[in-house]
Amino acid sequence: MKGWLKISAVLLLVYVHTAGLLMDVPRLNILNETVRALYFHVPMWFGMVLLYLMSVYYAIRYLKNPSHEFDVKSVAYAHVGTAFGILGMITGMLWANYTWGSPWHGDPKQNGAAIALLVYLAYFVLRGSLDNEEQRARLSGVYNIFAFAAMIPLIFIIPRLTSSMHPGSGGNPGFNAYDLDSRMRLVFYPAVIAWFLIGLWIVSLRVRIKKLEEKIIDNE
Amino acid sequence: MAKSFIGEKKGVFIYLYTVASPQQIIISKIIYNILLCWLISIAGYILFSIFIFNPVQDHLIFLSVLLLASIGFSTSLSLISGIASKANNSNVLMAVLSFPVVISILLMAVRATKNALDGLDRAASTDELLNLLAINCIAGALGYILFPYIWRS
């Protein structure tokens, strides 16, 4: 990853943390100051979906052209995407604790997100239970693509069909409609970009570590 | 349906490998599973309505949910079974891999079934039925495209 991207990610995050905590936010019923959680909760899910998308992209490239590098990248993206998903879950539970009254409501969006994480945990289980390296890469690539397609309805379609308290579902307008005014956009979009860049950075580090480990094993 | 690839002996795989292309195999497995699933669910439905009573108020919707959900289960589980059969303890892995994938089909089917039981207006469950159909199409297409990569080993 390019150096200037890393620097800009860090600078953007510094900006997001200071501006997100200090700048004025619109006064809204129930939400009050917790609306600031938007800067940290929503980018996690954006990041998760984008990272999983990258993971699927590398899985497809692996299936088309089996090279070890694509497999390593695909797994690294899935790992970091799952980490983002867990963070998004925790921030969402914190936020729900103050606005909905308790951390876990069994809301369709929450359940869908939890199952979506299970999909990727199953992916890691699959990788753990295959011994042959080439077979592991191919089968987990297939499952990765299939799982991503199965995950999309869970997060994006089913919550919209049922009644849900989460904004953007069950006939509720998305967050754009009422609580995201232009002041919040100034912080929110940089936050999305910055967290995604941080995710990419972690992925590139993980790929490099993996490559170095393999080099060490080869030399022994 | 977990049995579609897991229970098979090694020789069967080699035989299938020589006589058919992977696309033909997955399609035939899916068709077999769909027919099996339809048979079981319709037999179950008829037996239940004879021996117990039949609370379903909208039979057309109920039957179409039954048929669509069967297609969804067979298409996605056939592919997953193909993946799981390559691993060591495939029966456990089958459950782990398939649960998150079929749960969206299951949720849709449960909600549409509840509408049919309550005899709600048909417009209320068209969304779920269309969604089931869309998930089936995606699962079927992905199975068709991805199965050759599993089969090659």
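Every chain is numbered independently, its residues counted from 1 as its sequence is written. Here every chain gets a letter starting at A, and every ligand a number starting at 1, in the order they are written. It should be noted that, the model being predicted, local features are given only for residues of pLDDT at least 70 and side-chain atom pairs only at 80 or more, the latter also being counted only at that level, while totals for whole chains, interfaces and linings use all residues.

Visitor: Help me understand the overall build of chain A in this model?
Guide: Within chain A one finds seven helices and zero strands. Only DSSP runs of H or I covering at least 4 residues are called helices, and only runs of E covering at least 2 are called strands; the numbering of each starts at the N terminus. When the elements of chain A are put in sequence order from the N terminus, they spell out α-α-α-α-α-α-α. Note on burial: count the other C-beta atoms lying within 10 Å of the residue's C-beta; 20 or more is buried, 12 or fewer is exposed, in between is partly exposed, and C-beta positions come from the backbone. Out of the 220 residues in chain A, the part that is buried amounts to 38%. Contacts here follow a simple rule: the backbone-placed C-beta atoms of the two residues must lie within 7 Å. Residue pairs in contact within chain A that sit at least 24 positions apart in sequence constitute 74% of those at least 6 positions apart.

Visitor: For this particular structure, what's the right way to read the overall build of chain B?
Guide: Within chain B, the secondary structure is distributed over six helices and zero strands. Reading the secondary structure of chain B in the N-to-C direction produces α-α-α-α-α-α. The 153 residues of chain B split such that 39% are buried. Considering only contacts within chain B whose residues lie at least 6 apart along the sequence, 81% involve residues at least 24 apart.

Visitor: Which parts of the structure should I look at to understand the environment of A:Ala78?
Guide: Residues and elements named next belong to chain A. Residue placement: Ala78 occurs in helix H3 (residues 68–99). In this structure the C-alpha to C-alpha distance between Ala78 and Pro190, which are 112 residues apart in sequence, comes to 23 Å. The contact partners of Ala78, leaving out residues within four places of it in the chain, are Tyr52, Ser55, Tyr120, Tyr123 and Asn144.

Visitor: Whenever I open this one, the nonpolar core confuses me. Can you help?
Guide: As a rule of thumb, soluble globular proteins bury nonpolar side chains together. Put simply, a nonpolar core is buried Ala, Val, Leu, Ile, Met, Phe, Trp, Tyr and Cys residues tied into one set by C-beta atoms within 7 Å. Membership of the largest hydrophobic core comes to 87 residues, with the highest contact counts inside it found for A:Val119, A:Val142, A:Tyr143, A:Phe146, A:Ala147, B:Ile83 and B:Leu97. With 14 residues, the single largest contributor to this core is helix H2 (residues 38–64) of chain A. Leave out the neighbours within four places in its chain, and B:Ile83 touches A:Leu139, A:Val142, A:Tyr143, B:Leu97 and B:Ile150.

Visitor: I'm lost on the interface of chain A and chain B in this one. Help?
Guide: Listed by partner, the interface residues are 24 residues for chain A and 23 residues for chain B. Of all elements in the fold, only helix H4 (108–128) and helix H5 (133–161) of chain A reach the threshold of two or more residues within the side of chain A that touches chain B. Broken down by element, the residue count for the side of chain A that touches chain B peaks at 15 residues, all from H5(A). Partitioned by chemical class, the residues of the side of chain A that touches chain B number 21 nonpolar, two polar and one charged. Residue polarity follows a fixed list, in which Ala, Val, Leu, Ile, Met, Phe, Trp, Tyr, Cys and Pro are nonpolar, Asp, Glu, Lys and Arg are charged, and the others, Gly among them, are polar.

Visitor: What is the right way to look at the packing of H5(A) against helix H6 (residues 123–151) of chain B in this model?
Guide: Two numbers describe a pair of packed helices, the interaxial angle and the distance between the axes. Between H5(A) and H6(B), whose axes approach to 10 Å, the crossing angle comes to 170°. Here H6(B) runs roughly antiparallel to H5(A), going by the angle between their axes. Facing A:Arg138, A:Leu139, A:Val142, A:Ile145, A:Phe146, A:Ala149, A:Pro153, A:Ile157 and A:Leu161 of H5(A), the residues of H6(B) in contact are B:Asp127, B:Asn131, B:Ile135, B:Ile138, B:Leu142, B:Leu146, B:Tyr149 and B:Ile150. Within the contact of H5(A) with H6(B), the residues separate by chemical class into 14 nonpolar, one polar and two charged. Simply put, an axis is a line fit to the C-alpha atoms, just over the touching stretch for a helix, and the angle between two N-to-C directions goes from 0 to 180 degrees. What sets the label is the angle itself: under 35 degrees gives roughly parallel, over 145 gives roughly antiparallel, 65 to 115 gives roughly perpendicular, and the rest give oblique.

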